[in-house]
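Structure assessment
Residues per chain are reported as follows:
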Amino acid sequence: MSKIAIEWQADGKTLRKTVNSMQSISIGRHPNCDIVLGDTHVSRRHAAIYFSEGAFHLHNKSTTNPILFNEQWPIAHNLKSDLQIGDSFIIGQVKLKVVLPSAVHSGTGDIADGNLRSRCPSCNHLMDYGQADCSWCGTSLAEAEKVVLKRVISFMDQ
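Residues numbered from 1 in each chain as written. Predicted model: local features only at pLDDT ≥ 70, side-chain atom pairs only at ≥ 80, totals over all residues. Heavy atoms only, no water.

With respect to the overall build of the chain
We count it as follows: What counts as a helix is a DSSP run of H or I of at least four residues, what counts as a strand is a run of E of at least two, and both are numbered from the N terminus. Only protein chains enter the accessibility calculation, which uses a 1.4 Å probe. A residue is then buried if its area is under 20% of the maximum for its type, exposed if over 50%, and partly exposed in between. Residue contacts follow a heavy-atom distance rule, with two residues in contact if any of their heavy atoms lie within 4.5 Å. Each accessible area is a Shrake-Rupley result for a 1.4 Å probe, and residues are judged covered by the shown protein chains and nothing else.
The number of helices and strands found in the chain is 0 helices and 14 strands. Taking all 158 residues of the chain together, the buried fraction comes to 41%. For the chain, restricting intrachain contacts to residue pairs at least 6 apart in sequence, the fraction spanning at least 24 positions comes to 38%. Put simply, the chain shows about 8,700 Å² of open surface, and 49% of that area lies on carbon and sulfur atoms.

Structure representation (structure tokens):
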């Protein structure tokens, strides 16, 4: 089963939502959305992410607000774009990033446990261990500090 994760910042915290190929998720201001963004520039049901034909896709469902994809290309109402690890998109004023999902928990405390992260030397965000570049600023993680999380916070993989 294919998976990606979406990360964004809210109230000074990095939040994460894992998406698998068997589900679609909604993004918007409405409290029933899978990813709720409290920004007045975000439509109630602004976007959807789903898996089809071997790839994940981002679909703009907002009739009034575009999505800025990879800080360059606007995605207008009812248009779609393929998503890959490392892509970013801005909905309202919130930047969301496509990152590797956490590894399956094995209970061993190693990489497979999802507890090992790399800290970006430039922006200090924590990334999944094994990523080549920071999803937030693009800095190489080759010399990044390795961080072992003692406890994975439950809201990270809602």
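On we go from here.
A closer look at the pattern of salt bridges
Note the following rule: Whenever a carboxyl oxygen of Asp or Glu lies within 4 Å of a side-chain nitrogen of Lys or Arg, that contact is scored as a salt bridge.
Taken as a whole and judged by the stated rule, the model has 2 salt bridges. For Arg16, the salt bridge is made with Glu7, and the minimal N-O distance between the two is 2.6 Å. For Glu7, a relative accessible area of 2% translates into the label buried. A salt bridge links Lys95 to Glu71; its shortest N-O distance comes to 2.6 Å. Here Lys95 is found in strand β11 (residues 94-99), whereas its partner Glu71 is found in the loop between β7 (67-69) and β8 (73-75), with 24 residues between them in sequence. On the accessibility criterion, Glu71 (49% relative accessible area) is partly exposed.

What about the nonpolar core?
Side chains of a nonpolar character, in soluble globular proteins, are inclined to be buried together. Rule in force here: In this description, a nonpolar core means a group of buried Ala, Val, Leu, Ile, Met, Phe, Trp, Tyr and Cys residues linked to one another through side-chain atoms lying within 4.5 Å.
If you look at the biggest cluster of nonpolar residues, it comprises 22 residues, and the most contacted ones within it are Ile6, Ile49 and Phe89. Discounting chain neighbours no more than four positions away, the residues touching Ile6 are Leu15, Arg16, Lys17, Val19, Ile35, Ile49, Phe89, Leu96, Lys97 and Val98. Membership of the second largest hydrophobic core comes to 5 residues, among which are Cys120, Met127, Cys134 and Trp136.

Remarks on the side chain of Asp39
Where we set the bar: We score Asp and Glu as negative and Lys and Arg as positive, and we do not count His or the chain ends. In the analysis that follows, any N or O atom pair within 3.5 Å is treated as a polar contact, provided that within protein one partner can donate a hydrogen and the other can accept it, and provided that, for residues neighboring in sequence, both atoms belong to side chains.
Inspection of the secondary structure puts Asp39 in the loop between β4 (35-36) and β5 (47-52). No salt bridge is formed by the buried Asp39; its nearest oppositely charged neighbour, Arg29, is found at 7.5 Å. Here Gln93 takes part through its backbone nitrogen, which lies 2.6 Å from a polar atom of the side chain of Asp39. If sequence neighbours within four positions are ignored, Asp39 has contacts with Arg29, Ile91, Gly92, Gln93 and Val94.

Here we look at the sheet that holds β8
Either a parallel or an antiparallel arrangement is found when strands of a sheet pair, and the pairing is made through backbone hydrogen bonds. Selection criterion: Should DSSP find at least two bridges between two strands, the strands are regarded as paired. In this description, a line fitted to the C-alpha atoms serves as the axis of each element, helices being fitted only across the stretch in contact, and the angle between N-to-C directions of two axes falls anywhere from 0 to 180 degrees.
Taken in spatial order, the 6 strands line up as β2-β1-β11-β10-β7-β8 in an open sheet, and their pairing is antiparallel. Each edge of the sheet is formed by a strand with only one pairing partner; in this case those strands are β2 (13-20) and β8. Between one strand axis and the next, the sheet turns through 25° on average, direction left out of account. Bridge count for strand β1 (residues 3-10) against β11 is 4 bridges, and the pairing is antiparallel. Bridging from a neighbouring strand, Trp8 pairs with Leu96 of β11.

Overview of the pairing of strand β3 (residues 25-28)
Burial along β3 is two-sided: Ile25 and Ile27 and Ser26 and Gly28, pointing in opposite directions, are all buried. In this structure, β3 lies alongside β5, joined through 3 bridges in antiparallel fashion. Counted as the bridge partner of Ile27 is Ala47 from β5. Here β3 pairs with β4 via 2 bridges, running parallel. Paired with Ile27 across the bridge in β4 is Ile35.

Observations concerning the environment of Thr139
Assignment of secondary structure puts Thr139 in the loop between β13 (126-128) and β14 (145-148). Separated by 19 residues in sequence, Thr139 and Cys120 have C-alpha atoms that sit 7.1 Å apart. Among all residues touching Thr139, those that are not within four sequence positions of it are Cys120, Pro121, Ser122, Ala132, Asp133 and Cys134.

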